[in-house]
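# Commentary on secondary and tertiary structure
Now for the letters of each chain:
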Amino acid sequence: MQLNVPDRDYMHSGHVGCPGCGAAVAMKFVLRALGNKTIMVLPACCWSIIAGPYPQSTLQIPLIHSAFETGGAMASGVRAALDVKGDKETCVVTWAGDGGTFDIGFQALSGAVERNEDFIYFCYDNEAYMNTGIQRSSSTPYGAWTTTTPGRDWKRMRKKNIVEALVAHRIPYAATASIAYPEDLLRKVSKARSIKGSRFLHIFASCPTGWRIPSEISVKIARMAVQTNIFPLYEVENGRKYTINFMPKGYLVKEYFKLQGRFKHLSESDLDQIQAMVEEDWELLLRKAGVPLQG
Amino acid sequence: MKPAVLTGEHFITGDVACAEGALAAGCRFFAGYPITPATEVAEHMAVRLPDVGGTYIQMEDEIASMGAVLGASCAGAKSMTATSGPGFSLMMENIGLAICTETPCVVVNVQRAGPSTGLPTLAAQGDMMQARWGSHGHYEIITLAPSSPQEMFYLTITAFDLSETYRTPVLIMSDEVIGHLSERVIIPEANAIKPRSRPKPKGRKDRFKPFQPGPNGVAPMAIAGEGYGIHVTGLTHDEKGYPVMTAEAQEAMLAQLTGKIHRNLEDIIRTEAYRLEDADLVIVSYGVSARSSLAAVDEARQLGIKAGLLKLVTVWPFPEERVRALAERVKGLVTVEINLGQIHLEVQRCAAGRAPAMLVGHAGGAVIPPERIIETLRNFS
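What counts as what
- In this convention, every chain numbers its residues from 1, walking through the sequence in written order.
- Working convention: letters from A go to chains and numbers from 1 go to ligands, in the order in which they are written.
- Given that the model is predicted, a residue must reach a pLDDT of at least 70 before its local features are reported, and side-chain atom pairs must reach 80 or more before they are shown or counted; all residues, however, enter totals for whole chains, interfaces and linings.
- As a rule here, side-chain values come from all non-hydrogen atoms in the structure, and water together with hydrogens is ignored.
- Per the convention used, a helix needs a DSSP run of H or I reaching at least four residues, while a strand needs a run of E reaching at least two, with both numbered from the N terminus.
- It is over C-alpha atoms that the radius of gyration is taken, and the globule rule equals 2.2 Å times the number of residues to the power 0.38.
- To sort residues, take the accessible area from a 1.4 Å probe on protein chains only and compare it with the maximum for the residue type: under 20% means buried, over 50% means exposed, and anything in between is partly exposed.
- For this document, the term salt bridge refers to a Lys or Arg side-chain nitrogen within 4 Å of an Asp or Glu carboxyl oxygen.
- It only takes one pair of heavy atoms within 4.5 Å for two residues to be counted as in contact.
- Put simply, buried area is the surface a 1.4 Å probe can reach on two separate parts but cannot reach once they are joined, added for both.
- In this description, strands pair whenever DSSP reports at least two bridges between them.
- An axis is simply a line fitted to the C-alpha atoms; with a helix, the fit covers only the stretch in contact. Between two such axes, the angle follows the N-to-C directions and lies from 0 to 180 degrees.
- Per the annotation, domain bounds derive from an automatic or database assignment of domains.
- Polar contact criterion, stated in full: a pair of N or O atoms within 3.5 Å, where within protein one must be able to donate a hydrogen and the other to accept it, and residues adjacent in sequence count only if both atoms are side-chain atoms.
- Residues are grouped as follows: Ala, Val, Leu, Ile, Met, Phe, Trp, Tyr, Cys and Pro are nonpolar; Asp, Glu, Lys and Arg are charged; every other residue, Gly included, is polar.
- The rule for a disulfide is simple: a pair of cysteine sulfur atoms within 2.5 Å.
- Clockwise travel from the first strand over the helix to the second, with the strands pointing away from the viewer, marks a crossover as right-handed.
- Between 30 and 60 degrees the pair is tilted, below 30 it is stacked and above 60 it is edge-to-face, where a pair is any two Phe, Tyr or Trp rings, Trp via its six-membered ring, whose centres lie within 6.5 Å.

### Overview of the overall build of chain A
- In terms of regular secondary structure, chain A is built from 11 helices and 8 strands.
- In terms of overall dimensions, chain A is globule-like: its C-alpha atoms have a radius of gyration of 18 Å, near the 19 Å expected for 295 residues.
- Reported as C-alpha extents along the three principal axes, the dimensions of chain A are approximately 60 × 45 × 40 Å.
- When each of the 295 residues of chain A is scored for burial, the buried share is 56%.

Encoded structure:
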């Protein structure tokens, strides 16, 4: 199969991410699809560091670091200035982690997409505050250990469903993507770039450091998250039209959980409970997409 | 399950000592949000609070942390949060609400270099004026500055004591070096710690006025849900707590909010004197900079310079009388701090020309070495 993937990279060597960093992989693919007519707003997140201090800066596009809570707002301002100057070509994007999207940045994100600002908001999701050393976020999944959900107090709340929250804003385009499915990811970025208004991409980006996994299985873990239905790949247009991009083969979630140190305290019955939650979420998604339930 | 007071000798960081001090003071609620270099306070509270029947919540941002702290305090728990520069900025509105509603709470700022993101992993003391004036409007606030992990432990207890006694937020202005420094910390027997609690109302519930001050200028505090009719608002309010939109009510309320601090300075202000008796050059310093200053005093003495140190444990309200008295009799005052002149301005104001006031400052990112202080002392003497 011939992929229509631009081969020009705008992320160069010299990044300072951890070995196996999923967020670095995500950035590399996304910039290939976006091209260099891109201005990036970056609230505090791992990428505030990964981009690297001078002279190691790895990104070849203009980068504006915003305050943690204002990724959506600062991008709105950048877009407004380009509009004033008559620049229709440059794509404005926000690139934020899960803390900056699900938690502290949610208000600015919701505000921006409610106004249908013409920009793409990327959330690379590593499921905790990794830059400050693994504290839970509202994206941290049920069952996970973090330094603020320690010991027997592991997280007993579900991960916030951020895509559905964005879909509820009825934005033109919202989608999930994974570093383990680059063709799907690149297609979605190109599609998002071609649409006007607010677009949201939720990219699953594994974190060997925070998830307590060997760095060499970083991509494998991300693939398993899709294959087990923990992180389904789908897209939603105009808040209504759901398309599921990958129909999984029914792998059990425990295979995914057992490879990760952050879940090692979970019992078989905990894993059964999580399996039931994942199935419930999946069936809900199938219903929204109008796909008949199996079995 | 460990007890609330971990009696014994420990080798711990300032951040951990701060959390242990809070637990020893009776803090049972912590609203956290990760930020370098204060995250370890939250992490330690997340581990320890369940041991003692308390609650740790990780909030969605620092605005929410401060909001939850005030809610918990209104409902009767000793509450705190810890943060650094950017988070401290986000907490400012709710710190003002705490002042206006006289809600006790403790806020720890483990300072890093700013402005903005600055140097997240390196020390500074650049938020001292923000501590004083960061929220809008005119007010008084109590601020303490620890110089060691041991002081992080004790001053956190003091912070709760002052906060409960005077029904006001108390700020602990630490810094990255003290927060991350590991040193010996001695935690005393539990019965040697006698934490203070907010004054409780007595008498008829139907005649209770929630903001009518008692003899020391502080109103007894009714807890939401104890049967007292309370109305808590950030609007200008009278003794009953109801909003009153007049200049007279504003004047009365500010007189109450500032007066309760002004008339209790004796209890609130703590300073430490080192070789001050015969000193004719006095260093004024606080936090990590007081450590460099201490070394500088001894070295200067060996060079024949009669140096001394006034260490500000309480920075706000500013120990005006002590600085003024020193200015009357010394040849010069030298403020040492990791900013480009904040507390220096206060020293200058209080010296009022009676003695020259100089600054040994630093933009942030490193501790001031004693040599720089000695150089200034030498040039002066």
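Structure's up, so let's keep going.
### Comments concerning the pattern of salt bridges
Residues and elements named next belong to chain A.
- In total, this model carries 42 salt bridges over all chains according to the counting rule given.
- The shortest N-O distance in the salt bridge between glutamate 235 and lysine 191 comes to 3.4 Å. Here glutamate 235, found in strand E7 (residues 234-237), pairs with lysine 191, found in helix H7 (residues 182-194); they are 44 residues apart in sequence, far enough to count as distant.
- Take glutamate 235: its relative accessible area is 3%, and that puts it in the buried class.

### Focus: the interface of chain A and chain B
- Counting residues at the interface gives 15 residues for chain A, matched by 17 residues for chain B.
- Both faces considered, chain A and chain B share a buried interface measuring about 1200 Å² in area, 57% of it formed by carbon and sulfur atoms.
- In terms of surface lost to chain B, no three residues of chain A exceed Ile104, Thr132 and Thr148 of chain A, which account for 35% of the buried area on that side.
- Where chain A packs against chain B, one counts 1 salt bridge.

### Looking at the sheet that holds strand E14 (residues 332-336) of chain B
Residues and elements named next belong to chain B.
- Pairing is mixed across the open sheet formed by 5 strands, whose spatial order is E10-E12-E11-E14-E15. On the outer flanks of this sheet lie strand E10 (271-274) and strand E15 (357-360), each paired with one strand and no other. Pairs of neighbouring strands in the sheet enclose a mean axial angle of 20 degrees, with direction left out of account.
- Here E14 pairs with E15 via 4 bridges, running parallel. Bridging across to E15, valine 334 finds its partner in methionine 358.
- Against the sheet, helix H11 (residues 320-329) engages E10, strand E11 (281-285), strand E12 (307-312) and E14, with an angle of about 140 degrees to E14.

### Considering the domain arrangement of chain B
All names here are of chain B.
- Considered domain by domain, chain B is made up of domain 1 (8-192) and domain 2 (272-378).
- Taking the mean C-alpha position of each, domain 1 and domain 2 sit 26 Å from one another.
- Contact with domain 1, which involves 28 residues of that partner, is made by 24 residues of domain 2.
- Taking both partners together, domain 1 and domain 2 bury about 1900 Å²; carbon and sulfur atoms supply 55% of that area.
- A per-residue breakdown of the area domain 1 buries against domain 2 is headed by Gln125, Met128 and Met129, which together make up 32% of the total.
- Scanning the region where domain 1 abuts domain 2 turns up 2 salt bridges.
- Its salt-bridge partner being lysine 311, residue glutamate 151 comes within 2.5 Å of it at the nearest N-O pair.
- The tally of links between domain 1 and domain 2 comes to 18 residue pairs in polar contact (both at pLDDT 80 or more).
- Sorting the residues of the side of domain 1 that touches domain 2 by element identifies strand E6 (119-123), helix H5 (128-133), strand E7 (142-144), helix H6 (149-166) and helix H7 (176-180) as the ones contributing at least two each.
- Split into classes, the residues belonging to the side of domain 1 that touches domain 2 amount to 17 nonpolar, 5 polar and 6 charged.

### Topic: the side chain of glutamine 58 of chain B
- Secondary-structure assignment places glutamine 58 of chain B in strand E3 (residues 55-58).
- For glutamine 58 of chain B, a relative accessible area of 9% corresponds to the buried category.
- A distance of 2.4 Å separates a polar atom in the side chain of glutamine 58 of chain B from the backbone oxygen of arginine 136 of chain A.
- A distance of 2.5 Å separates polar atoms of two side chains, one belonging to glutamine 58 of chain B and the other to threonine 148 of chain A.
- Setting aside anything within four residues of it in sequence, one finds glutamine 58 of chain B in contact with Tyr129, Gln135, Arg136 and Thr148 of chain A together with Gly32 and Pro34 of chain B.

### Thoughts on the state of the cysteines
All names here are of chain B.
- Under the criterion given, the structure shown has 0 disulfides over all chains.
- Cysteine 27 takes part in no disulfide bond, and the closest cysteine sulfur, belonging to cysteine 18, lies 9.2 Å away.
- Judged by its relative accessible area of 0%, cysteine 27 is buried.
- Considering cysteine sulfurs only, cysteine 74 is the nearest to cysteine 105, which forms no disulfide, with 9.5 Å between them.

### Some words on the sheet that holds strand E4 (residues 119-125) of chain A
Residues and elements named next belong to chain A.
- The sheet built from 8 strands is open, its strands ordered E2-E1-E3-E4-E6-E5-E7-E8 with mixed pairing. Two strands lie at the open edges of the sheet, namely strand E2 (63-65) and strand E8 (241-244), each paired on one side alone. Averaged over all adjacent pairs, the angle separating strand axes in this sheet is 20 degrees, with direction ignored.
- In this structure, E4 lies alongside strand E6 (residues 198-204), joined through 7 bridges in parallel fashion. Looking at E6, one finds that phenylalanine 122 is bridged to leucine 201.
- Sheet contacts for H7: strand E1 (38-42), strand E3 (91-96), E4, strand E5 (173-178), E6 and E7; angle to E5, the most-contacted strand, approximately 160 degrees.

### A short note on the pairing of strand E8 (residues 169-175) of chain B
Residues and elements named next belong to chain B.
- Most of E8 sits out of view: 7 of its 7 residues are buried.
- What you see with E8 is no split at all: Pro169, Leu171, Met173 and Asp175 on one side and Val170, Ile172 and Ser174 on the other are buried throughout.
- One ladder, built from 7 bridges, connects strand E5 (residues 105-113) with E8; its direction is parallel. Across the sheet, residue valine 108 finds its bridge partner in E8, namely isoleucine 172.
- Looking at chain direction, E7 and E8 are connected through 3 bridges and run parallel. Within E8, the position partnered with leucine 144 by the bridge is isoleucine 172.
- For the segment spanning E7, H6 and E8, crossover handedness is right-handed.

### Remarks on the packing of aromatic side chains
Residue and element names in this part refer to chain A.
- Taken as a whole, this structure holds 20 aromatic pairs over all chains when the rule is applied.
- Ring centres of tryptophan 95 and tyrosine 124 lie 5.4 Å apart, and the angle between their planes is 20 degrees; on these two criteria the pair is classed as stacked. Placement of the pair is tryptophan 95 in strand E3 and tyrosine 124 in strand E4, with a sequence separation of 29 residues. Each member of the pair tryptophan 95 and tyrosine 124 is classed as buried.
- With a centroid separation of 6.5 Å and an interplanar angle of 45 degrees, the aromatic rings of tyrosine 256 and phenylalanine 263 are classed as tilted. Across this residue pair, the class does not change: tyrosine 256 and phenylalanine 263 are buried.

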